Amino acid sequence: MMMMMEAKLWNDKREREMYDNLAELFAIIKATEKLERAYIRDLISPSDYESECNKLILHFKTLSASLKDTVPSTQRFADTYKMDCPSALYRLVTSGVPATVEHRATVAASTSNSASIVAECVQNFITAMDSLKLNMVAVDQTKIKDWLSRLSKMGAADELTVQQSRQLHFDLESSYNSFMAALPKGGN
């Protein structure tokens, strides 16, 4: 008769917490992959997808910060554990925002609410340009929906350089002018 012995994965509380965090990272990546697939297959509504995806992204960013010394590369972590989660890695590491935000899928094109959508869009352009004019260049002060990928990777205390601020203002102004030109003229 063979006696089975219990094997410990950790030697102390710090090691146990590290393994718990690694398991949590694994679970977040797998859950994000499943969520991405459900969204692509239209099994979840855009609003539910966006809400859940934002939660996963937030948890991922928080956990990644605490694991930065243990897991310097999420891609290498996924490769080590043979995770095969390309959609999750794109969403969590590269994009950093839900697909609905990235592709503007949540904006309905129906005529019944198009005036409010136009007003909100104009408000966002004006807010963003005013923020830059007032030299509000800290990421947590600049409220825009463009440059999402770049800004989402920056910390709240990070600041845009003078060149980035000028480029962002130019891009916003150009986008705003294009947006205004695309609007139907009065009476059409």
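Everything numeric in this text was worked out from a predicted model, so none of it was measured. (Residues numbered from 1 in each chain as written. Predicted model: local features only at pLDDT ≥ 70, side-chain atom pairs only at ≥ 80, totals over all residues. Heavy atoms only, no water.)

Undergrad: Please provide a residue-by-residue account of the overall build of the protein, values included.
TA: Helices and strands together make up the secondary structure of the protein, namely 8 helices and 0 strands. In sequence order, the protein lays out its α and β elements as α-α-α-α-α-α-α-α. When the 188 residues of the protein are sorted by exposure, 30% land in the buried category. Contacts in the protein between residues at least 24 apart in sequence constitute 65% of all its contacts with a sequence separation of at least 6. For the protein, the accessible area works out to roughly 12,900 Å², and carbon and sulfur atoms hold 56% of it. (Helix = DSSP H or I, 4+ residues; strand = E, 2+ residues; numbered from the N terminus. Buried < 20%, exposed > 50% of the residue type's maximum accessible area, 1.4 Å probe, protein only. Contact = heavy atoms within 4.5 Å. Areas by Shrake-Rupley, 256 points an atom, 1.4 Å probe, with all protein chains shown as cover.)

Undergrad: Report on the packing of helix 2 (residues 46–66) against helix 4 (residues 86–95), specifying residues and quantitative values.
TA: Between helix 2 and helix 4, the shortest axis-to-axis distance is 10 Å and the interhelical angle comes to 60 degrees. Taken as a pair, helix 2 and helix 4 cross one another with a handedness that is right-handed. Contact residues: Tyr49, Cys53, Leu56, Ile57 and Phe60 in helix 2; Arg91, Leu92 and Val93 in helix 4. Here the residues of the contact of helix 2 with helix 4 are counted per class, giving 7 nonpolar, no polar and 1 charged. (Axes fitted to C-alpha atoms, helices over the stretch in contact; angles between N-to-C directions. Left-handed = near helix turned anticlockwise from the far one by under 90°. Nonpolar A, V, L, I, M, F, W, Y, C, P; charged D, E, K, R; others polar.)

Undergrad: Describe unusual backbone geometry, with residues and values.
TA: We note that Asp42 has phi near 60 degrees; this positive angle belongs to a residue other than glycine. Here Asp42 is to be found in the loop between helix 1 (13–40) and helix 2. The exposed category is assigned to Asp42, whose relative accessible area is 63%. Notably, Asp84 is not glycine yet its phi reads approximately 50 degrees, a positive angle. Among the residues examined, Asp84 registers a relative accessible area of 63% and is labelled exposed.

Undergrad: A description of the nonpolar core should follow, citing residues and the corresponding values.
TA: By size, the foremost hydrophobic cluster in this structure holds 24 residues, and its most contacted members are Leu25, Ile29, Tyr49, Phe77 and Leu92. Among the secondary structure elements, those contributing two or more residues to this core are helix 1, helix 2, helix 3 (74–80) and helix 4. By residue number, the principal contributor to this core is helix 1, which donates 7 residues. Every residue in contact with Tyr49, bar those within four places of it in the chain, is listed here: Leu35, Glu36, Tyr39, Ile44, Arg91, Pro98, Ala99 and Thr100. Counting residues in each nonpolar core, the second largest holds 5 residues, with Phe125, Met129, Leu160 and Leu172 among its members. (Core = buried A, V, L, I, M, F, W, Y, C linked by side-chain atoms within 4.5 Å.)

Undergrad: Explain the pattern of salt bridges residue by residue, including any values.
TA: Following the criterion strictly, the structure yields 4 salt bridges and no others. In this structure, Lys55 and Glu52 form a salt bridge, with 3.3 Å as the shortest nitrogen-oxygen distance. Taken together, the residues span about one helical turn, with Lys55 and Glu52 both in helix 2 at a distance of 3 residues. Residue Lys55 is classed as partly exposed on the basis of its relative accessible area, which comes to 43%. The partner of Glu102 in a salt bridge is Arg91, and the shortest N-O contact between them spans 2.8 Å. Within this pair, whereas Glu102 is found in helix 5 (residues 99–102), its partner Arg91 is found in helix 4, the two being separated by 11 residues in sequence. The class for Glu102 is partly exposed, based on a relative accessible area of 28%. Judged by relative accessible area, which is 5%, Arg91 ranks as buried. (Salt bridge = Lys/Arg side-chain N within 4 Å of Asp/Glu carboxyl O.)

Undergrad: So what's going on with the side chain of Thr32? Residues and values would help.
TA: Mapped onto the elements, Thr32 comes out in helix 1. With relative accessibility at 0%, the residue Thr32 sits in the buried group. If we ignore the near neighbours within four places in the chain, the residues touching Thr32 are Leu56, Ala88, Arg91 and Leu92.

Undergrad: Can you explain the environment of Thr70? Please cite residues and give values.
TA: Along the chain, Thr70 turns up in the loop between helix 2 and helix 3. Each C-alpha atom, one on Thr70 and one on Asn21, is 10.0 Å from the other, the two residues being 49 residues apart in sequence. When residues no more than four places from it in sequence are discounted, the contact partners of Thr70 are Met18 and Leu22.

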